[in-house]
Number of protein chains: 4
Amino acid sequence: MHSFRNDYMEGAHPCVLEALVRTNAEQHPGYTEDSRCAAARERIRRAIAQSDRAGALARAGVNPETLQVEFVAGGTMANLVSIATCLRPHECVIAAPDGHVNVHETGAIEACGHKVLVTADPDGLPSIAGIDAVMKEHEYGGNFHMVKPRLVYMSLATETGLVCTAAHLAELRAYADEHGLLLFIDGARLACGLASPRCDATLADVCAAADIFTIGGTKNGALFGEAIVIRNADAGREFRYVMKQKGAVCAKGRLLGVQFDALFGVTGAQAGVAEAEGDEPLYLSLGRHSVAAALKLRDVLASHGFDAFESDSSTNQQFLRLDNATAEAFARAFDADIIARPDDSSTVVRMTCSWATSEDDIAAVDEQLSRMGDNAGRTA
Amino acid sequence: MHSFRNDYMEGAHPCVLEALVRTNAEQHPGYTEDSRCAAARERIRRAIAQSDRAGALARAGVNPETLQVEFVAGGTMANLVSIATCLRPHECVIAAPDGHVNVHETGAIEACGHKVLVTADPDGLPSIAGIDAVMKEHEYGGNFHMVKPRLVYMSLATETGLVCTAAHLAELRAYADEHGLLLFIDGARLACGLASPRCDATLADVCAAADIFTIGGTKNGALFGEAIVIRNADAGREFRYVMKQKGAVCAKGRLLGVQFDALFGVTGAQAGVAEAEGDEPLYLSLGRHSVAAALKLRDVLASHGFDAFESDSSTNQQFLRLDNATAEAFARAFDADIIARPDDSSTVVRMTCSWATSEDDIAAVDEQLSRMGDNAGRTA
Amino acid sequence: MHSFRNDYMEGAHPCVLEALVRTNAEQHPGYTEDSRCAAARERIRRAIAQSDRAGALARAGVNPETLQVEFVAGGTMANLVSIATCLRPHECVIAAPDGHVNVHETGAIEACGHKVLVTADPDGLPSIAGIDAVMKEHEYGGNFHMVKPRLVYMSLATETGLVCTAAHLAELRAYADEHGLLLFIDGARLACGLASPRCDATLADVCAAADIFTIGGTKNGALFGEAIVIRNADAGREFRYVMKQKGAVCAKGRLLGVQFDALFGVTGAQAGVAEAEGDEPLYLSLGRHSVAAALKLRDVLASHGFDAFESDSSTNQQFLRLDNATAEAFARAFDADIIARPDDSSTVVRMTCSWATSEDDIAAVDEQLSRMGDNAGRTA
Amino acid sequence: MHSFRNDYMEGAHPCVLEALVRTNAEQHPGYTEDSRCAAARERIRRAIAQSDRAGALARAGVNPETLQVEFVAGGTMANLVSIATCLRPHECVIAAPDGHVNVHETGAIEACGHKVLVTADPDGLPSIAGIDAVMKEHEYGGNFHMVKPRLVYMSLATETGLVCTAAHLAELRAYADEHGLLLFIDGARLACGLASPRCDATLADVCAAADIFTIGGTKNGALFGEAIVIRNADAGREFRYVMKQKGAVCAKGRLLGVQFDALFGVTGAQAGVAEAEGDEPLYLSLGRHSVAAALKLRDVLASHGFDAFESDSSTNQQFLRLDNATAEAFARAFDADIIARPDDSSTVVRMTCSWATSEDDIAAVDEQLSRMGDNAGRTA
């Protein structure tokens, strides 16, 4: 039975794995200073440029050819290195309460010395009003008895499946410029965010808005690895020193280059991804596939009466409130992830699709639910 | 032409790569909590137990079945997580001046808040006398105006190719016990250290001596990854919290499990490593191969008159002092690594062998040197 | 005109100043290792023992004669050294949202690497329910993807003038014991908390409850200085190393000894403090004086119709909501501190009394308010 | 018997104490934002300007009127706040091996995340050659596998009584400018350094050379306190945030203002210091007095045959090598500080003079030595 526990259950997409196998015997210098990484960097820059349908880069004065691109092994690492590079000792991060750096990284940012201030935004996306309330409380950085807010952390797709629009990205950028803030976008699930039907932003819009953002490979086809794109060269200067200090420089950096070269050098169409559009890179197509699978799953669940969705998720994760017994049945049947118990009688489960979730896997859920019997008042 | 620049130029040993390919489609839970990691942990424990020719484990009261084994992506990460877990704010590390954490990790230990004190030992291996001098200077931890020495950092094989014997390991352990110190052994090149003809210590001896030590995969057949063996459960308690905080927990932890399962589950003989002894795991055989290749290379170099070796290295790295022009010729011909310029006219180059260095590669050096003409007074 | 801005406007109480002058020419060794500090430590231990009306120390197994007492220059320093000494890298603090360490110390705790988690308690005092909700969210320390709660921070008197009772202290201690938590009590305004008519706890109750607590001198008669009482010797072991590392060891430590020797060696009655009870030390009597002055001030304010108190404060700080114009008049007339603007038309001012606030100062407020005209609907 | 243990045995110089007493009842706002601090800042700026005999400030483009001056309670605090403000995470300090921050501050700099690199300079003063060797080893900041040297730490007077000349200060500044380094001068004993007959530098020369330097009060007449002068506004920007975060902001900041106002507002002549020159501030005269006393003491010691001085000290500390028995006699008789045991039979003692050391105190040493009998081969 296919597991829907999360989007990092499998290894790599076959194209990525094939590239690793094909290049395995090559000798390359270390630390991402090799030709494979150079190629991957170039492909990422090109993908950003090509996605700029609305001219956001030019408006923001960004020359995509000069973007600095770095590679690290994992998401927490990408977040902490980026943020630690940007901040002076008394500066801090603003995030939504359920921002990943605030809750699920064991205080990684604080371990680098910086406080994480939270907005009152309930659903993971920092709003202008939420940020401004924090800024006001901290006197817009004018009171040395308090930390100085300096960097807004956000994800394009939140932990509950909401997404940020191009307009909201532009507003955040404008607010940041006005108030001397940096904007960091955690792209652990960037491809799914971009693929959401609710998200009209492109890679270029993200790049135009963020000072630094990441392109998550681990959850989108890579064996492991995240790319970090540094648009604000001053904020990210001497980035590799901090990478090294934090243990984030990969000795065999070529591994990351090879993977991102595959993800951005092959098109989704070439790789046979059904959802691929135009000549977009495999990376974006895999996001489309994951999201399409999750929305199909959502329909299947609803068709069986399981429609008490905790959030109006349009990404690759779906959140369902169930009575406790049904939640356990889901956990057994689909390896659904139990993530909260809002009250004594109900449980929230998460079901996640990935590039590896097939139509058959969704069909199997449909079939299994038919066997289990439709929902009739079993959700809270 | 084969590059002798370092021992992380290639991808993974074919056995490791094959295991990754074979298991790629499996679904596993994250964070090294999967069955592949469980298997790898078990194999590592067994390899330690089986290598205990001299009963060191029993003497030290170590039950190998209870050893905690963790996996992280890289060496700097393994070092900093291990050390940060062990130390309180005012405690510090003692290392030889050229200890990797002291010089080549961009202050990773200091970034965790801890000073690195250096002994006067010239060749990378902390001596009892060297450690004791530092301890004395710091009043054996009895002066609160100074940092309190708490952990000795060392590598089994030093940066210049020297190795630590079983007797020295035992002495260090005894000194540590007597003075309340912890002993951490950086095993980035553990396999080559163990394979050195000068080293009579086994994996079990290392385990009996160290509170925590690492088993480096990146430089010995893995695509990437280091195992961390925690013998002192108290010093390493709640290790995974610190791992997570430092970004060292691998989402697809199975990747590390699969690789170490291959390195310790297949024997060198099964994998066809010529130098394999008995039924030792592939991991140890690959170290043997690397060292054998390097000693053969050393002979070849000497046979052409290049015998001004900077150190009496018995591991997989050889260090040669050359006049500047010859050094550049070596760099061009063999991709030898230029690592020091001790004076205006001479250069030290490093040539490193790995599991991937073949007999043909060494033969090609021989041939090339014949073409270049033997050395006649060209070394300093 | 007397300023009511805060409780650190003046220098030292005359008895303290006199002691500093009298001992100025003495020669003493540094770093609080002198006889004056020894005397002060002894007097503090005795005051704790003598205040144990209810036998709390014996019940808690505390021998007051063995308490470790340290001295530092200021409150933020006392907090950060105490907390940094207690915590391992992944451990964190639980505090109420307006806890001083959470808001007004520029991220001092985070700069030591530790997250501050906040409860939902609205008024500065962490409740058992509030703490337990945080603990539950963090799986009682059982999820390594999140920080591990380890220390509860609280003040005996909150930032808004509420106080903690002996019963609540005992509950917090019991909860802490049950869940492996430490309890730290910030005593910057300890004397005022103890003197509050709402607080039935004594110095001994605080000591029996807290693992570490501070006795604030700066805001209660000293020129400067805080005593730190370490009841939990294990949590606070090697405390002076961390003090030194953070710059908290005073070279002329005798200054702190002399001051606390005066504050705890002279009785309030001897010093002529009108509010002194029995033979309590001057330190406690000064708190009584400050609180008595503030409650008298509260009555005076109310008698003129200014009774929109923001909190039911029973300590030395009173908080009044005024319309903006009146608030500015108060700021001008009494140097009242403007601390919040809850909405466009109203302002909250704080008026603080100290050991130096005289009856005449309160009478002058009365007179001035008479001149200004009573309040008639001018408060929000 | 007068103690020669160190220069912080007494309280404050009478003029400083008198100022504290005189202003004790004044009410002032906190955090050094009061009029006394403003006055002290102005006096320090003026003293710097007036000491500029050689036009160093103008040459360096420094307008003394715009210097930022901050006050903190102690020396370790002054050092760590200054250095932490200046450095990014991967940047580090260069110091001589016996630099105070390297040895005697319990790793305070490392606790802020920064490595301290040491030169090979034997006597506490970093030489250009010593710094350049460290810079070269670190590839002048061009190798991200190593820390990046960024700030040179030095004292005007070293731990062994040597001093830095105006010419050396200018050389250090020029080197720093050329290589992107900052220069921090620890002025814990600044007044004694300036008063040394071997030092031709003035306060202005120090200010022209350093990016940030401190003016130590604790060891030169103040009860406690150090002024920090920030010449490089960019390096020190938002300094007060870091001060607050590290617990260095004094609530009753006025205490520091009052003291430095006295030390720089009264002349040494007015205060009756015999060694005062011209209308120099008391602060400088007290340094002169301390040094004069120490040099007189040195003569007295030598006249009794005790002339095995460990260093050619021209400041207020003298270092004598004695046989062990004599060293103990000195410790008993003069409270001399035992600071080293270079070999089994000899001991180094330190005798320190301060503003409080009188002619009688020196005469008493003379007399006591006469009673003890002159030295005859008792030194090593």
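Calculation rules
Residues numbered from 1 in each chain as written. Chains lettered and ligands numbered in written order. Predicted model: local features only at pLDDT ≥ 70, side-chain atom pairs only at ≥ 80, totals over all residues. Heavy atoms only, no water. UniProt positions renumbered as here; feature names shortened; annotations may be inferred. Helix = DSSP H or I, 4+ residues; strand = E, 2+ residues; numbered from the N terminus. Least-squares fit on C-alpha atoms with pLDDT ≥ 70 in both. Contact = heavy atoms within 4.5 Å. Buried < 20%, exposed > 50% of the residue type's maximum accessible area, 1.4 Å probe, protein only. Pairing = 2+ DSSP bridges. Axes fitted to C-alpha atoms, helices over the stretch in contact; angles between N-to-C directions. Salt bridge = Lys/Arg side-chain N within 4 Å of Asp/Glu carboxyl O. Domains from an automatic or database assignment. Polar contact = N/O pair within 3.5 Å; in protein donor to acceptor, adjacent residues only side chain to side chain. Nonpolar A, V, L, I, M, F, W, Y, C, P; charged D, E, K, R; others polar. Parallel < 35°, antiparallel > 145°, perpendicular 65-115°, else oblique. Left-handed = near helix turned anticlockwise from the far one by under 90°. Buried area = accessible area lost by both parts, 1.4 Å probe.

1. A closer look at the UniProt feature "domain: Aromatic amino acid beta-eliminating lyase/threonine aldolase" (unreviewed entry) in chain A
Sites flagged by UniProt as "domain: Aromatic amino acid beta-eliminating lyase/threonine aldolase" (unreviewed entry) map to residues 69-312 of chain A. This span, residues 69-312 of chain A, is 40% helix and 14% strand, and a straight line between its end C-alpha atoms measures 33 Å.

2. With respect to the relation of the copies chain A and chain D
Its rotation angle being 180°, the transformation that places chain A on chain D also includes 0.0 Å of axial translation and leaves an RMSD of 0.0 Å. Taken together, the rotation and translation describe the operation of a two-fold axis. Residue Arg88 of chain A of chain A places its C-alpha closer to the rotation axis than any other residue of that unit, at 3.4 Å. Counting the interface residues of chain A, we find that 100% of their copies in chain D are interface residues as well, pointing to one common contact surface.

3. What to know about the pairing of strand β6 (residues 212-216) of chain B
On a regular strand, each side chain points to the face opposite its neighbour's, so the side chains alternate between the two faces of the sheet. Residue and element names in this part refer to chain B. Among the five residues in β6, five count as buried, and that is most of the element. The alternating pattern of β6 places Ile212, Thr214 and Gly216 on one face and Phe213 and Ile215 on the opposite face, and all of these are buried. The sheet contact formed by strand β5 (residues 182-186) and β6 spans two bridges and is parallel. Residue pairing for β6: Phe184 is matched across the bridge by Ile212.

4. Overview of the sheet that holds strand β10 (residues 346-352) of chain C
Hydrogen bonding along the main chain pairs the strands of a sheet, whether they run parallel or antiparallel. Residues and elements named next belong to chain C. If you trace the three strands from one edge of the open sheet to the other, you get β8-β10-β9, paired in antiparallel fashion. The open sheet has two free edges, formed respectively by β8 (317-323) and β9 (337-343), since each of these has just one partner strand. On average, adjacent strands in this sheet sit at an angle of 25° to one another, irrespective of strand direction. The pairing of β8 with β10 spans seven bridges and is antiparallel. Across the sheet, Phe319 pairs through a bridge with Arg350, a residue of β10. With respect to the sheet, helix α13 (residues 282-303) is in contact with β8 and β10, its orientation differing from that of β8 by roughly 20°. Against the sheet, helix α14 (residues 324-334) makes contact with β8, β9 and β10, and its axis sits at roughly 135° relative to β8, the strand it touches most.

5. Let's talk about the pattern of salt bridges
In total, this model carries 104 salt bridges over all chains according to the counting rule given. Residue Arg173 of chain B is joined to Asp177 of chain B by a salt bridge in which the shortest nitrogen-to-oxygen separation is 2.9 Å. Placement of the pair is Arg173 of chain B and Asp177 of chain B together in helix α8 (residues 166-179), with a separation of four residues, close to one helical turn. Judged by relative accessible area, which is 10%, Arg173 of chain B ranks as buried. The partner of Arg298 of chain B in a salt bridge is Asp312 of chain B, and the shortest N-O contact between them spans 3.6 Å. Of this pair, Arg298 of chain B sits in helix α13 (residues 282-303) while Asp312 of chain B sits in the loop between α13 and β8 (317-323), and the two are 14 residues apart along the sequence. The buried category is assigned to Arg298 of chain B, whose relative accessible area is 16%. Look at the salt bridges and you will find they share partners, linking Arg5, Asp335, Asp337 and Arg350 of chain A into a network.

6. Overview of the sheet that holds strand β3 (residues 116-118) of chain A
All names here are of chain A. The strand order across the open sheet formed by seven strands is β1-β7-β6-β5-β4-β2-β3, and the pairing between neighbours is mixed. At either end of the open sheet lies a strand with only one pairing partner, and these are β1 (68-72) and β3. Averaged over neighbouring strand pairs, the angle between their axes works out to 25° when direction is ignored. Where helix α7 (residues 128-137) meets the sheet, it contacts β2 (91-95), β3 and β4 (148-155), and its direction lies at approximately 150° from that of β2. Lying on the sheet, helix α12 (residues 254-265) is in contact with β1, β6 (212-216) and β7 (226-230); it crosses β1 at an angle near 115°.

7. Examining the domain arrangement of chain A
All names here are of chain A. In terms of domain boundaries, chain A breaks down into domain 1 (14-265) and domain 2 (282-362). Distance between the C-alpha centres of domain 1 and domain 2: 26 Å. Each side of the interface is counted separately: domain 1 has 26 residues, and domain 2 has 19 residues. Put simply, domain 1 and domain 2 have one salt bridge between them. There are 10 residue pairs in polar contact (both at pLDDT 80 or more) connecting domain 1 and domain 2. If you list the elements that add at least two residues to the side of domain 1 that touches domain 2, you get α1 (14-22), α9 (190-195), β6 and α12. Sorting elements by how many residues they give to the side of domain 1 that touches domain 2 places α9 first, with five residues. A class-by-class count of the residues in the side of domain 1 that touches domain 2 yields 15 nonpolar, eight polar and three charged.

8. Here we look at the packing of helix α7 (residues 128-137) of chain C against helix α8 (residues 166-179) of chain C
The packing of two helices is summarised by the inter-axis angle and the distance between the axes. Residues and elements named next belong to chain C. Look at α7 against α8: their axes get within 10 Å of each other, and the N-to-C directions meet at 20°. Overall, the two elements α7 and α8 adopt an arrangement that is roughly parallel. Crossing hand, α7 versus α8: right-handed. Contacts between α7 and α8 involve Ile128, Ile131, Asp132 and Met135 from the former and His168, Glu171, Leu172, Tyr175 and His179 from the latter. Tallied by class, the residues present in the contact of α7 with α8 amount to five nonpolar, two polar and two charged.

9. Examining the interface of chain A and chain D
Taken together, the contact between chain A and chain D spans 25 residues of the former and 25 residues of the latter. Roughly 2200 Å² of surface becomes buried between chain A and chain D when both sides are summed, with 51% attributable to carbon and sulfur atoms. For the chain A face of the interface with chain D, the top three residues by lost area are Arg88, Phe144 and Tyr241 of chain A, together amounting to 36%. In this structure, the connection of chain A to chain D is made through four salt bridges. Linking chain A with chain D are 16 residue pairs in polar contact (both at pLDDT 80 or more), by the criterion used here. No other element matches helix α11 (residues 239-245) of chain A, which puts five residues into the side of chain A that touches chain D. Within the side of chain A that touches chain D, the residues separate by chemical class into nine nonpolar, eight polar and eight charged.

10. Remarks on the interface of chain A and chain B
When the parts come together, some accessible area is lost, and that loss is often what is quoted as the size of the interface. If you look at the interface, chain A gives 41 residues, while chain B gives 41 residues. Buried area between chain A and chain B, both sides added, is near 3500 Å², and the carbon and sulfur share of it is 56%. Taken together, the links from chain A to chain B amount to zero salt bridges. Where chain A touches chain B, the interface holds 28 residue pairs in polar contact (both at pLDDT 80 or more). The set of elements that each furnish at least two residues to the side of chain A that touches chain B consists of α1, α4 (75-86), α6 (108-111), α11 and α12 of chain A. Residue composition of the side of chain A that touches chain B, grouped by class: 20 nonpolar, 14 polar and seven charged.

11. Structural notes on the side chain of Arg350 of chain C
Residues and elements named next belong to chain C. In this fold, Arg350 is placed in strand β10. Judged by relative accessible area, which is 13%, Arg350 ranks as buried. A distance of 2.8 Å separates polar atoms of two side chains, one belonging to Arg350 and the other to Gln317.

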